[in-house]
Amino acid sequence: MELRILHTVEEMAAVERLQGVIWGGGDLEVVPSHLLVTFAHNGGLVAGAFAGDELAGFVYGFPGLDTSADSPRLKHCSHQLGVHPNYRSAGIGFALKRLQWEFVAGQGIERITWTYDPLLAHNAQLNIAKLGAVCSTYIRDLYGEMLDGLNAGLPSDRFQVDLWVKSPRVTACMTGAAGPRPTVADLLAAGAVFVNPASPAGHPVPPGPAWRTAATPDTWLLEIPADFQALKVADRARASAWRQGTAAAFETLFSVGYIVSDFAYEPGASPWAVYVLSK
Ligand SMILES: CC(C)(COP(=O)(O)OP(=O)(O)OC[C@H]1O[C@@H](n2cnc3c(N)ncnc32)[C@H](O)[C@@H]1OP(=O)(O)O)[C@@H](O)C(=O)NCCC(=O)NCCS
């Protein structure tokens, strides 16, 4: 794979086409090339990963202001990352985000934010576990009703994650210096508690109201489905229960000082896909 920073109208048109392949949903759902060119010419970054002449993945973002602090602070707002379905789970998403991190670090900007659906384990593994982003912001129905193939049918709830560009944590992730991370078994042995313990048959269950006890462990674990997109297609009512249950649980935990600090994905016969929340 060759990684390149994109500038030309032709390159942006290839990004438009790839958005259509990844998200579907028609022309109105596509971020147009004139906007991508504008980002690229005004301090933003549009980058692509190529297999020969074929665009296999892209990322783009633009400078923005964090308005939640006491005074506005510069950040890079990353809006879309996409990898063609034929090329996923091969490290392209990571490589594009690492290029973005290098570019933003070179501009002297200390923070990158972006949003993703917290029920997507694949995205969580990339964003939290591999890149070192953290999260303490849950936004309900951020984009309203979305009509594209990946998002239609459920409220567009999102995590807004923070990537602290110069932090030792992120630097270690980006340079391959991060040590082995604890497994779910390690975390349980150290006193972590599940928000949503699995069913007796070992299946993940959406968080209900029952977990809100007086317990205040240092670490909460929250399991999500390993393949939420498949669950959405198979059982919309259960997918909706996952959306509602996890929204309430994350909001409660964030409000009392926990942050998403890690994600454990342990594939296998009964895969774990588990958020780790630390005080
Ligand atoms: C999210 C996306 C960009 C990731 O790209 P990618 O090239 O697959 O990312 P990477 O290969 O660098 O990392 C993915 C990781 O998730 C893991 N993964 C794959 N399926 C998984 C699952 N069901 N649950 C948890 N992790 C999973 C991969 O094994 C890999 O981790 P590893 O390197 O530790 O093995 C890609 O899946 C995509 O385009 N999705 C659709 C669009 C989208 O959701 N974009 C992001 C929001 S704008």
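Quick caveat, the model's predicted, so the values are computed rather than measured.

Undergrad: How should the nonpolar core be read in this particular structure?
TA: Side chains of a nonpolar character, in soluble globular proteins, are inclined to be buried together. Membership of the largest hydrophobic core comes to 45 residues, with the highest contact counts inside it found for Phe159, Leu163, Phe250, Val260, Phe263, Tyr275 and Leu277. Considering every element that reaches this core, the biggest residue donor is helix α8 (residues 236-255), with seven residues. Composition of this core by domain shows at least three residues from each of domain 1 (2-175) and domain 2 (184-278). Not counting chain neighbours up to four residues away, the residues in contact with Val260 comprise Ile128, Val134, Cys135, Phe159, Phe250, Phe254, Tyr275, Val276 and Leu277.

Undergrad: Looking at this structure, I do not really get unusual backbone geometry. What am I missing?
TA: Leaving glycine out, the prevailing phi sign among residues is negative, and the prevailing peptide bond configuration is trans. Located in the positive-phi region is Ser89, a residue other than glycine, with phi close to 60°. You can see Ser89 is positioned in the loop between β4 (73-83) and α3 (92-106). Positive phi is not limited to glycine here, since Asp141 has a value of about 45°. Secondary-structure assignment places Asp141 in the loop between β6 (134-139) and β7 (158-164).

Undergrad: Explain the site of the ligand here, please?
TA: Taken together, 21 residues sit near the ligand, with Leu81, Val83, Ser89, Gly91 and His122 positioned nearest. Interatomic distance of 2.8 Å between a side-chain N/O atom of His122 and an oxygen atom of the ligand. Against a free-state accessible area of 970 Å², the protein chains account for coverage of 81% of the ligand. Where the shell around the ligand is concerned, the elements lending two or more residues are α1 (9-23), β4, α3 and α4 (121-130). Ranked by residue count, the leading element in the shell around the ligand is α4, at six residues. Along the lines of polarity and charge, the residues of the shell around the ligand split into 12 nonpolar, seven polar and two charged.

Undergrad: When you look at the pattern of salt bridges in this model, what are you seeing that I'm missing?
TA: For side chains of opposite charge, pairing can occur when their charged atoms come near one another. Summed over all chains, the structure comprises seven salt bridges. Between Arg111 and Asp66 there is a salt bridge, with its nearest N and O atoms 2.5 Å apart. Taken together, the residues span a long stretch of sequence, with Arg111 in strand β5 (residues 111-116) and Asp66 in strand β3 (residues 54-66) at a distance of 45 residues. Relative accessible area serves as the criterion here: at 13%, Arg111 is assigned to the buried category. Accessibility expressed as a relative area gives 9% for Asp66, which makes it buried. In this structure, the salt-bridge partner of Arg181 is Asp262, at a minimum N-O distance of 2.9 Å. Here the residue Arg181 occupies a position in the loop between α5 (168-175) and α6 (184-189), and Asp262 occupies one in strand β10 (residues 259-266), the gap between them amounting to 81 residues. Each of Asp66, Arg111 and Asp162 takes part in a single network of salt bridges with overlapping partners.

Undergrad: What's the story with the pairing of β3 in this structure? I'm lost.
TA: As judged from the seven bridges shared by strand β2 (residues 45-51) and β3, these two strands associate in the antiparallel manner. Along β3, the bridge assignment pairs Ala47 with Val59. The antiparallel hairpin formed by β2 and β3 contains two residues in its connecting segment, where Gly52 sits at a positive phi of about 65°. With 10 bridges connecting them, β3 and β4 associate as antiparallel partners. Its bridge partner being in β4, Asp66 is matched across the sheet by Arg73.

Undergrad: Looking at this model, I keep getting lost on the environment of Glu54. Mind explaining?
TA: In this structure, Glu54 sits in strand β3. Overall, Glu54 belongs to the partly exposed group, its relative accessible area being 33%. For the pair formed by Glu54 and Leu188, sequence separation is 134 residues and the distance between their alpha carbons is 45 Å. Only 2.7 Å separates the side chain of Glu54 from the side chain of Tyr87, close enough to count as a polar contact.

Undergrad: Please clarify how the packing of aromatic side chains should be interpreted in this entry.
TA: Centre-to-centre distance and the angle between the planes together describe a pair of aromatic rings. Scanning the entire structure with this criterion turns up 14 aromatic pairs. Ring geometry for Tyr116 and Phe159: centres 5.8 Å apart, planes at 85°, overall edge-to-face. With Tyr116 in strand β5 and Phe159 in strand β7, the pair connects residues that are 43 residues apart, well separated along the chain. This pair shows no difference in class: Tyr116 is buried, exactly as Phe159 is. Between Phe194 and Trp272, the ring centres sit 5.5 Å apart and the planes meet at 20°, which makes this aromatic pair stacked. With Phe194 in strand β8 (residues 193-194) and Trp272 in strand β11 (residues 272-278), this pair connects stretches of sequence that are 78 residues apart.

Rules used throughout
Residues numbered from 1 in each chain as written. Predicted model: local features only at pLDDT ≥ 70, side-chain atom pairs only at ≥ 80, totals over all residues. Heavy atoms only, no water. Core = buried A, V, L, I, M, F, W, Y, C linked by side-chain atoms within 4.5 Å. Buried < 20%, exposed > 50% of the residue type's maximum accessible area, 1.4 Å probe, protein only. Helix = DSSP H or I, 4+ residues; strand = E, 2+ residues; numbered from the N terminus. Domains from an automatic or database assignment. Contact = heavy atoms within 4.5 Å. Near = heavy atom within 4 Å. Polar contact = N/O pair within 3.5 Å; in protein donor to acceptor, adjacent residues only side chain to side chain. Areas by Shrake-Rupley, 256 points an atom, 1.4 Å probe, with all protein chains shown as cover. Nonpolar A, V, L, I, M, F, W, Y, C, P; charged D, E, K, R; others polar. Salt bridge = Lys/Arg side-chain N within 4 Å of Asp/Glu carboxyl O. Pairing = 2+ DSSP bridges. Phe/Tyr/Trp six-rings, centres within 6.5 Å; stacked < 30°, edge-to-face > 60°.

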